[in-house]
Each structure stands twice: as C-alpha cells, then as structure tokens.
Amino acid sequence: QVQLRESGGGSAQAGGSLRLGCAASGDTADVECMAWFRQSAGTERERVAAITTRGGHTYYDDSVKGRFTISQPDYRNTVYLQMTSLKPEDTAIYYCAAGDLECGSWHVKYKDWGQGTQVTVAA
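Residues numbered from 1 in each chain as written. Predicted model: local features only at pLDDT ≥ 70, side-chain atom pairs only at ≥ 80, totals over all residues. Heavy atoms only, no water.

Student: Would you mind showing me how to read the layout of surface pockets here?
Tutor: Summary: where empty space remains is shown by rolling a probe the size of a single water molecule over the atoms. The volume enclosed by the largest pocket comes to roughly 190 Å³. Around the largest pocket sit Gln 1, Val 2, Asp 27, Asp 30, Val 31, Ala 98, Gly 99, Asp 100, Lys 111 and Asp 112, which together line it. Of all the secondary-structure elements, those providing two or more residues to the lining of the largest pocket are strand S9 (92–99) and strand S10 (110–113). Residues belonging to the lining of the largest pocket are distributed by class as follows: three nonpolar, two polar and five charged. (1 Å grid on protein atoms, 1.4 Å probe; cavity = no way out; pocket = protein on both sides within 12 Å on 5 of 7 lines; lining within 4 Å. Points joined across faces, edges and corners; volume = space filled by probe spheres on them. Helix = DSSP H or I, 4+ residues; strand = E, 2+ residues; numbered from the N terminus. Nonpolar A, V, L, I, M, F, W, Y, C, P; charged D, E, K, R; others polar.)

Listed below in structure tokens is the structure:
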C-alpha cells in the first residue's frame, strides 16, 4: 500500500501559477507510474498528467499541454505538478495517484490515491 498526500492547492487568478506536490510513502517499490487527475463539479475524472517512474517519460492531456509540467526529482517519493497560465476551467479537485504499470499502458491500474486538493482559478 502506498500513501499519498497532496499539497499546494489554493486559489489563483487567471494567468497565474500554482505548484502542487504529492508526497509518497509506504510500499513504493512497485510503483511504475505517478499521475495527476482532476475532477470538477458534474464532470468525470480525467488524467491531466503522468510520469513513468523508471524512465521519466511524461504524458499530458491536450487541455493542459504546454501549460502544466509534471516532474519527479525525488524518485518515487515526491511528484510535482507545476501549473502555469491557469484558466478558470482548470478549477477542480486534483488527485495524485500511483499506478502499477507504465503510464501509457491501457492496463495500468491506479490502486492508491491521495485525498485531493482544491484548485480554484478566478476569471
């Protein structure tokens, strides 16, 4: 079991920046993918960014490509999501999740999740 704890959420103006952090602890040896998901009111959860822990390959949803950057400077311990040029539509609860396969695999399962952190972007 992996424990994940998000931090860095809050409010920002449109065009501003925020950095989210996810601290991982517990049995992290088999984690192959770290990812950020978000869910806004009345919408389904979507994956916005992911990073493969062994090779560092990154994935981004088209809605955030060029604006958000995922990084893992501390291997399998901490992952960050640097968000810039924020838009009101980025408002959501952001969740950190750990996957058991490479992020690009159709079969990757995210078994461990953080509690989520609220991001609110004002127009």
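There is more to say, and it comes next.
Student: It is not clear to me how the state of the cysteines should be interpreted in this structure. Could you clarify?
Tutor: Working definition: the covalent bond between the sulfur atoms of two cysteines is a disulfide. Applying the stated criterion to the full structure yields two disulfides. Here Cys 22 pairs with Cys 96 through a disulfide, and the sulfurs are 2.1 Å apart. On the S-S bond that ties Cys 22 to Cys 96, the torsion sits near -80 degrees, and the link is left-handed. Pair noted here: Cys 22 is in strand S3 (residues 18–26) and Cys 96 is in strand S9, with a separation of 74 residues, a long-range link. Pair check on accessibility: Cys 22 and Cys 96 agree, each one buried. One disulfide bridge connects Cys 33 with Cys 103, the sulfur atoms lying 2.2 Å from each other. Of note, the bridge from Cys 33 to Cys 103 carries an S-S torsion of about 110 degrees and is right-handed in sense. Taken together, the residues span a long stretch of sequence, with Cys 33 in strand S4 (residues 33–39) and Cys 103 in the loop between S9 and S10 at a distance of 70 residues. For Cys 103, a relative accessible area of 2% corresponds to the buried category. (Disulfide = S-S within 2.5 Å. Buried < 20%, exposed > 50% of the residue type's maximum accessible area, 1.4 Å probe, protein only.)

Student: Help me understand the pattern of salt bridges in this model?
Tutor: Charged atoms that come close allow side chains of opposite charge to pair. If you walk through the whole model with that rule in mind, you get five salt bridges. As a salt-bridge pair, Arg 67 and Asp 90 come within 2.8 Å of each other at their nearest N and O atoms. Highlighted residues: Arg 67 in the loop between strand S6 (58–60) and strand S7 (68–74) and Asp 90 in the loop between strand S8 (78–83) and S9, separated in sequence by 23 residues. Assigned by exposure class, Arg 67 and Asp 90 land together as buried. (Salt bridge = Lys/Arg side-chain N within 4 Å of Asp/Glu carboxyl O.)

Student: It is not clear to me how the pairing of strand S11 (residues 117–122) should be interpreted in this structure. Could you clarify?
Tutor: On a regular strand, one side chain projects to one face of the sheet and the next to the other, so that they alternate. Burial along S11 is one-sided: Thr 117, Val 119 and Val 121 are buried, and none of Gln 118, Thr 120 and Ala 122, which face the opposite way, are. Relative to S11, strand S2 (residues 10–13) runs parallel, the two being bridged by four bridges. Its bridge partner being in S11, Gln 13 is matched across the sheet by Ala 122. Relative to S11, S9 is paired through three bridges, and the arrangement is antiparallel. Paired with Ile 93 across the strands is Gln 118, a residue of S11. (Pairing = 2+ DSSP bridges.)

Student: How do you make sense of the packing of aromatic side chains when you look at a structure like this?
Tutor: Note on aromatic pairs: each is described by the distance of the centres and the angle between the planes. According to the stated counting rule, one finds four aromatic pairs in the structure shown. Ring plane angle 80 degrees and centroid distance 5.0 Å describe the contact between Phe 37 and Tyr 110, whose orientation is recorded as edge-to-face. Of the two residues, Phe 37 is situated in strand S4 and Tyr 110 in strand S10; the sequence distance between them amounts to 73 residues. In terms of burial, Phe 37 and Tyr 110 fall into one category: buried. A cation over a ring is seen here: Arg 45 above Phe 37, with NZ or CZ 5.2 Å from the ring centre. (Phe/Tyr/Trp six-rings, centres within 6.5 Å; stacked < 30°, edge-to-face > 60°. Lys NZ or Arg CZ within 6 Å of the ring centre and 35° of its normal.)

Shape is all these values report; function is a separate question.
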